[in-house]
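# Overview (structure and organization)
Now for the letters of each chain:
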Amino acid sequence: MRDTEQPPPQEPLRVSILTQGSYLIASIHTALDDGQLHRFRTDLLELIGHRRSRGVIIDVAALDVIDSFACHTLRTIAQVARLRGAETVVVGIQPDVAFTMVKLGAKLESMTTALDLEEGFERLAGIAAVTPLPDAPGLR
Amino acid sequence: MMLISDPRGWDVATDRDAHEADAGDAQEEVETLLPQLVAHLHEHRSELRQQWADRINDAHLLEAMTPQEVFSEVTSVYDNYVEVLETGSVGELRHYARDLSERIIPRGVETHEVIGVVLLLRDVLARSLFEKYRDDFELLNRVLNAYEPAANRIATTVAGSFVEERERVIRQQEDSLRELSTPVLQVRERLLILPIIGVLDKERAQQLTEQLLRGIRTHRARVVVIDITGVPDVDEAVADHLVRTVDASRLMGAGVIITGLSSEIAQTLVTIGVDLDKMNTVGDLQGGIEEAERLLGVKVVRTDDAGH
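Residues numbered from 1 in each chain as written. Chains lettered and ligands numbered in written order. Predicted model: local features only at pLDDT ≥ 70, side-chain atom pairs only at ≥ 80, totals over all residues. Heavy atoms only, no water.

Before going further, it helps to spend a moment on the pattern of salt bridges. As enumerated under the stated definition, the model contains 18 salt bridges over all chains in all. Of the charged contacts in the structure, one is a salt bridge between B:Arg45 and B:Asp79, with a shortest N-O distance of 2.8 Å. Of this pair, B:Arg45 sits in helix α2 (residues 45-58) while B:Asp79 sits in helix α3 (residues 67-87), placing them 34 residues apart in sequence. Residue B:Asp79 is classed as partly exposed on the basis of its relative accessible area of 30%. Residues B:Glu73 and B:Arg103 are paired through a salt bridge, measuring 2.4 Å at the closest nitrogen-oxygen approach. Remark: B:Arg103 occurs in helix α4 (residues 91-104) and B:Glu73 occurs in helix α3; sequence separation between them is 30 residues. Given a relative accessible area of 13%, B:Glu73 falls into the buried group. One salt-bridge network, held together by shared partners, links A:Asp116, A:Glu118, A:Glu119, A:Glu122, B:Arg190, B:Arg220 and B:Arg222. (Salt bridge = Lys/Arg side-chain N within 4 Å of Asp/Glu carboxyl O. Helix = DSSP H or I, 4+ residues; strand = E, 2+ residues; numbered from the N terminus. Buried < 20%, exposed > 50% of the residue type's maximum accessible area, 1.4 Å probe, protein only.)

Pasting the structure below:
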């Protein structure tokens, strides 16, 4: 009943993409299926162009599983973003998730990772050679 | 070889070809003879018990215990023993044996001692039966037929309970050892060291990975030094696991430096075809920590002429 009354028009993506200076911060809040991952990828890469971003942080701390497709998506985002002039750091991979990914043979050579958002900023500052805001407090 | 099956559920194979009485007779005999036997054991309780304690002493068994302790345990075992003969149920005895084992294992009592002690009781009782029935060889044989299976079963129960208890203790110790064996230590902000000492089997490697990845999270580590100087050798599965641990740590944003690789382990890593570019290895722990400090951008400087 409720489903017919409130049909999800275009299911909102449970991902928030925020801008912080020249960085984009994408937080994934729940598990995404393959279609949603695809949309996420398209949206994010689109935004990099619009906002003229130099760095992208993808926070996956809420994910209990990162399967091979999700892994592939993250890697593709990193590669495409690089072609468009932005470096990508994936942050917040949980211990169990990390080990499962490795066990499944995920190829992550081209992916930069960091413990959490804060570390991700630092890592980006190192590799993208651009700080999010020249005078942002608390960020080096 | 024949099987004596008794109403109390004793199934014991004996190889007394000389007594091929059929199973029905044997069963009946056990039923009539055991009560006699039990009555005999009740009657001579104190003297048989003393004999047994003396023989334990002569055989230098249970020397970890005082004579008084031995005597009180002897009394309990004797009474339990007679009870088993009487009721045919070893449940109570097993319970007691486990309890006893729990008390005596920490004092260093060995398996052979426990088995020896139980067998001595069996001998003492058999001797007293020989003496009692020595004039009637035929009857003696029949009494022994009834007695032996029961006595063997008791011996097996006691020894079995002891060994079970011992194994339980060993397992418990293994568990606590495992807990202790993989400390994750923070030596500097963002720097963890993980000294591994002893044989690294699959189970321990698994546990190590879990602790390390959790440690990276809680300490917000950026570099981890795993020192395996104390690991004699690893098999291919464990080496592979180690490599995966390095990868997983990297996913969590921490770089791993492995130090103290022995030539055996290094060869194993090469044999399984590890991508050596991914592995950051340094000869010893000191070098590893120095490398880690370099990665973290920390510089340790000696204060000028400290102490002079």
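Gaps between atoms show up when a probe of the same size as a water molecule is rolled over them. All names here are of chain B. As enumerated under the stated definition, the model contains 2 cavities of 30 Å³ or more in all. By volume, the largest cavity amounts to about 170 Å³. Contributing to the lining of the largest cavity are 15 residues, with Leu62, Val77, Leu100, Ile104 and Val117 lying nearest its centre. Per element, the largest residue contribution to the lining of the largest cavity is 4 residues, and it comes from α4. (1 Å grid on protein atoms, 1.4 Å probe; cavity = no way out; pocket = protein on both sides within 12 Å on 5 of 7 lines; lining within 4 Å. Points joined across faces, edges and corners; volume = space filled by probe spheres on them.)

Quick look at the packing of α3(B) against helix α5 (residues 111-132) of chain B now. All names here are of chain B. Direction vectors running N to C along α3 and α5 enclose 65°, while the axes themselves pass 12 Å from each other. Once α3 is placed against α5, the crossing between them reads as right-handed. Residue-level inspection shows Val77, Tyr78 and Tyr81 of α3 in contact with α5, the latter providing Leu121, Arg122 and Leu125. Looking at the contact of α3 with α5 residue by residue, the classes come out as 5 nonpolar, no polar and 1 charged. (Axes fitted to C-alpha atoms, helices over the stretch in contact; angles between N-to-C directions. Left-handed = near helix turned anticlockwise from the far one by under 90°. Contact = heavy atoms within 4.5 Å. Nonpolar A, V, L, I, M, F, W, Y, C, P; charged D, E, K, R; others polar.)

Core analysis: the biggest nonpolar cluster contains 63 residues, and A:Phe40, A:Ile58, B:Leu200, B:Ile216, B:Val224 and B:Ile226 have the highest contact counts within it. In terms of residues, this core owes the most to one element, helix α8 (residues 236-251) of chain B, which gives 7 residues. Those residues within four positions of B:Ile216 in sequence are excluded, and the remaining contacts are A:Leu115, B:Leu192, B:Ala221, B:Val224, B:Ser249, B:Met252 and B:Ala254. Within the second largest apolar cluster, 50 residues are counted, among which are B:Tyr78, B:Ile105, B:Val117 and B:Val158. (Core = buried A, V, L, I, M, F, W, Y, C linked by side-chain atoms within 4.5 Å.)

Residue and element names in this part refer to chain A. Reading across the sheet, the 5 strands line up as β1-β2-β3-β4-β5 and stay open at both edges, with mixed pairing between neighbours. Pairing within the sheet leaves two strands with one partner each, and these edge strands are β1 (15-20) and β5 (112-114). Here the strands of the sheet are splayed against their neighbours by 25° on average, with no regard to which way each runs. Sheet topology places strand β3 (residues 55-59) next to strand β4 (residues 87-91); 5 bridges connect them, and they run parallel. Counted as the bridge partner of Ile58 is Val90 from β4. Along the sheet, helix α3 (residues 68-83) makes contact with β3 and β4, crossing β4 at roughly 155°. (Pairing = 2+ DSSP bridges.)

Residues and elements named next belong to chain A. Enumeration over the complete set of coordinates arrives at 1 aromatic pair over all chains. Ring geometry for Tyr23 against Phe121: centres 5.8 Å apart, planes inclined by 25°, an arrangement best described as stacked. Placement of Tyr23 in strand β2 (residues 23-28) and of Phe121 in helix α5 (residues 117-128) is noted, with a sequence separation of 98 residues between them. On the basis of relative accessibility, which here comes to 0%, the residue Tyr23 falls in the buried class. A residue is classified by how much of its surface remains accessible, and Phe121, at 11% relative accessible area, is buried. (Phe/Tyr/Trp six-rings, centres within 6.5 Å; stacked < 30°, edge-to-face > 60°.)

On to the sheet that holds strand β4 (residues 191-197) of chain B, then. Residues and elements named next belong to chain B. Overall, mixed pairing links the 5 strands, which are arranged β3-β4-β5-β6-β7 in an open sheet. Strands with a single pairing partner mark the edges of an open sheet, and in this sheet they are β3 (185-188) and β7 (280-282). On average, each strand axis in the sheet is tilted by 30° relative to the strand beside it, whichever way the strands run. Pairing analysis gives 5 bridges linking strand β5 (residues 223-230) to strand β6 (residues 255-259), with the strands arranged parallel. In the strand pairing of β6, Val225 is matched with Ile257. With respect to the sheet, helix α7 (residues 202-219) is in contact with β3, β4 and β5, its orientation differing from that of β4 by roughly 165°.

Turning to the interface of chain A and chain B, a few remarks are in order. Contacts between the two partners involve 20 residues from chain A, matched on the other side by 19 residues from chain B. Summed over both sides, the interface between chain A and chain B buries roughly 1,800 Å², with carbon and sulfur atoms accounting for 54% of that surface. The three residues of chain A that bury the most area against chain B are A:Pro95, A:Phe99 and A:Leu115, which together make up 34% of that side's buried surface. One can count 7 salt bridges joining chain A with chain B. With its nearest N and O atoms 3.1 Å apart, the salt bridge here joins B:Arg214 to A:Asp96. At the junction of chain A and chain B, the tally comes to 10 residue pairs in polar contact (both at pLDDT 80 or more). (Buried area = accessible area lost by both parts, 1.4 Å probe. Polar contact = N/O pair within 3.5 Å; in protein donor to acceptor, adjacent residues only side chain to side chain.)

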